[in-house]
Amino acid sequence: MDDLDAILGSAPERIEAARTLEALSAVETELLGRNSVITAQRRGLGQLEPSERPAAGARLNEAAQRLQGLVDERRRMLDLEAEDRLLADDRVDVTVARRSLRTGTSHLITQTIDEIADIFTAIGYQIADGPEAETAWHNFDALNTPWWHPSRLESDTMYLDYGDPEDEILLRTQTSTVQARTMESQPPPVHIIAPGRCYRTDTFDATHSPVFHQFEGLAVAEGITFADLKGTLSYFAREYFGPDRTIKVIPHFFPFTEPSAEMHVSCFACDGSGCRVCSQSGWLELLGCGMVDPNVFEAVGYDPAAVTGFAFGGGIERVAMVRHGIEDIRHLFDNDLRVNEQFV
Ligand code: DAH
């Protein structure tokens, strides 16, 4: 029994000294396992006088319970510590500064195309498309452009196949081709907006680029009038340049519209009083437009007696340059990041 007191006296310290679960299990085996003093004494109970057995047994049980209690308590502590360590290892320090990557954005031309497409799809227009390598028929003949028109010359238009008028293939000079293609392929009514790339044999300078972009609009249905055209273009001008803009349309000529007009928008920089942006005129020339010529309807198989329509077409670079005050079209093609990053 003296052994038992010694064990009970030293046990708390030994249990406390176990720093790991493994070490604690070893101590537990020593104190309470098969070869422990307590187990040996239990086995020896039978050799005591029967009258002494209950008291001795009770003492052994009590000692074993105390030791087990201490071991269990220590085990709980070690478990908690292990969990804390795991959590600490897994911890993410959200305050650490991440190396930020520079992300790109769309080019201003793409942004402008998207914005114009949004403006027109918002009032029910559908986006239409056509090939950049185009037949001379879609680029000129269907659009009421006579064979002798100077724009058809090789000096103005880039041909992939030139010579035989039936088979000529060119790089389209205007998105007006999409008018012809769309009407060919579907009956009226038509409401389309067609942004796309165009080509002309222009020398690359401050206001010309041999590759550029246009957007084409076409609305065909019964009873469409010039007033509808003006209303639609006013809407576009307000959406794209701001709510205070007004427009004017002045007579012009295009082969595929009759009457034809040029649309001007009041200068957003001076509100029409005249400034550097609008060359003192108060107006900015923006795009061509008009009522679809009956000859165009006939060329694509529409009945000019049944429907009327309007069309308009403008340069994407042109409207973007006007709005953003860009003075040289080459800024849009040089891809100098110092320029591009101004339009994010
Ligand atoms: N296609 C013409 C050009 O490139 C622009 C244009 C004018 C388009 C009048 C039209 C229009 O649809 O009706 O200069």
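Quick notes on the site of the ligand
Close to the ligand lie 15 residues; Gln-174, Ser-176, Arg-200, Gln-214 and Glu-216 are nearest. A distance of 2.8 Å is found between a nitrogen atom of the ligand and a side-chain nitrogen or oxygen belonging to Gln-174. A distance of 2.6 Å separates an oxygen atom of the ligand from a polar side-chain atom of Glu-216. Isolated, the ligand exposes 350 Å² of accessible area, and the fraction of that covered by the protein chains is 90%. Looking at the shell around the ligand, the elements that each hand over two or more residues are β6 (211-221), β9 (283-292) and β10 (308-315). Residue classes in the shell around the ligand are distributed as five nonpolar, eight polar and two charged.

Quick notes on the nonpolar core
Nonpolar side chains tend to gather and get buried jointly when the protein is soluble and globular. Formed by 44 residues in total, the largest nonpolar core has its most connected members in Phe-215, Phe-236, Leu-286, Leu-287 and Phe-312. If you list the elements that add at least two residues to this core, you get α5 (108-121), β6, α8 (226-241), β8 (257-266), β9, β10 and α10 (316-324). Aside from chain neighbours lying at most four places away, what touches Leu-287 is Phe-215, Leu-233, Phe-236, Ala-261, Glu-262, Met-263, Phe-312, Gly-313 and Gly-314. Membership of the second largest hydrophobic core comes to 19 residues, among which are Val-220, Val-296, Phe-297 and Val-307.

Things to note about the pairing of strand β5 (residues 190-199)
By the criterion of burial, β5 is predominantly enclosed, with eight of the ten residues buried. With two bridges joining them, strand β1 (residues 126-127) and β5 adopt parallel strand pairing. Looking across to β5, one finds that Gln-126 is bridged to Ile-192. As paired strands, β5 and β6 are joined by ten bridges and run antiparallel to one another. Bridging from a neighbouring strand, Pro-195 pairs with Phe-215 of β6.

Observations concerning a negative patch on the surface
A contiguous patch of negative charge, built from Asp-79, Glu-81, Glu-83 and Asp-84, is present on the exposed surface. Take Asp-84: it is sitting in helix α4 (residues 53-90).

Focus: α4
Its 38 residues give α4 an end-to-end C-alpha distance of 55 Å, which sits within 8% of 56 Å, the value for a rise of 1.5 Å per residue. Within α4, burial applies to Ala-56, Gly-57, Leu-60, Ala-63, Ala-64, Leu-67, Val-71, Arg-74 and Leu-78.

A look at unusual backbone geometry
Of the consecutive residues Pro-188 and Pro-189, the connecting peptide bond is found in the cis state with omega at 0°. Within the secondary structure, Pro-189 is located in the loop between α7 (177-185) and β5. Residues Glu-258 and Pro-259 are joined by a peptide bond in cis, for which omega reads -5°. Not every positive phi belongs to a glycine, and Gln-280 is a case in point at roughly 70°. Here Gln-280 shows up in the loop between β8 and β9. The phi dihedral of Asn-335 is positive, around 55°, even though this residue is not glycine. Along the chain, Asn-335 turns up in the loop between α11 (331-334) and α12 (337-340). A residue is classified by how much of its surface remains accessible, and Asn-335, at 47% relative accessible area, is partly exposed.

Quick look at the sheet that holds β10
Here we have seven strands laid out as an open sheet, ordered β1-β5-β6-β10-β9-β8-β7, and mixed in their pairing. The open sheet has two free edges, formed respectively by β1 and β7 (247-254), since each of these has just one partner strand. Seen against the sheet, α8 touches β6, β7, β8, β9 and β10 and runs at an angle of roughly 145° to β9.

Reading the values: rules and limits
- Residues numbered from 1 in each chain as written.
- Predicted model: local features only at pLDDT ≥ 70, side-chain atom pairs only at ≥ 80, totals over all residues.
- Heavy atoms only, no water.
- Near = heavy atom within 4 Å.
- Polar contact = N/O pair within 3.5 Å; in protein donor to acceptor, adjacent residues only side chain to side chain.
- Areas by Shrake-Rupley, 256 points an atom, 1.4 Å probe, with all protein chains shown as cover.
- Helix = DSSP H or I, 4+ residues; strand = E, 2+ residues; numbered from the N terminus.
- Nonpolar A, V, L, I, M, F, W, Y, C, P; charged D, E, K, R; others polar.
- Core = buried A, V, L, I, M, F, W, Y, C linked by side-chain atoms within 4.5 Å.
- Buried < 20%, exposed > 50% of the residue type's maximum accessible area, 1.4 Å probe, protein only.
- Contact = heavy atoms within 4.5 Å.
- Pairing = 2+ DSSP bridges.
- Patch = residues over 30% accessible without salt bridge, like charges linked within 9 Å, V, L, I, M, F, W, Y side chains within 5 Å.
- Salt bridge = Lys/Arg side-chain N within 4 Å of Asp/Glu carboxyl O.
- Lys, Arg positive; Asp, Glu negative; His and termini not counted.
- Charge placed at Lys NZ, Arg CZ, Asp CG, Glu CD.
- Expected span 1.5 Å × (residues − 1).
- Axes fitted to C-alpha atoms, helices over the stretch in contact; angles between N-to-C directions.

By themselves, these are just geometric observations and shouldn't be taken as functional.
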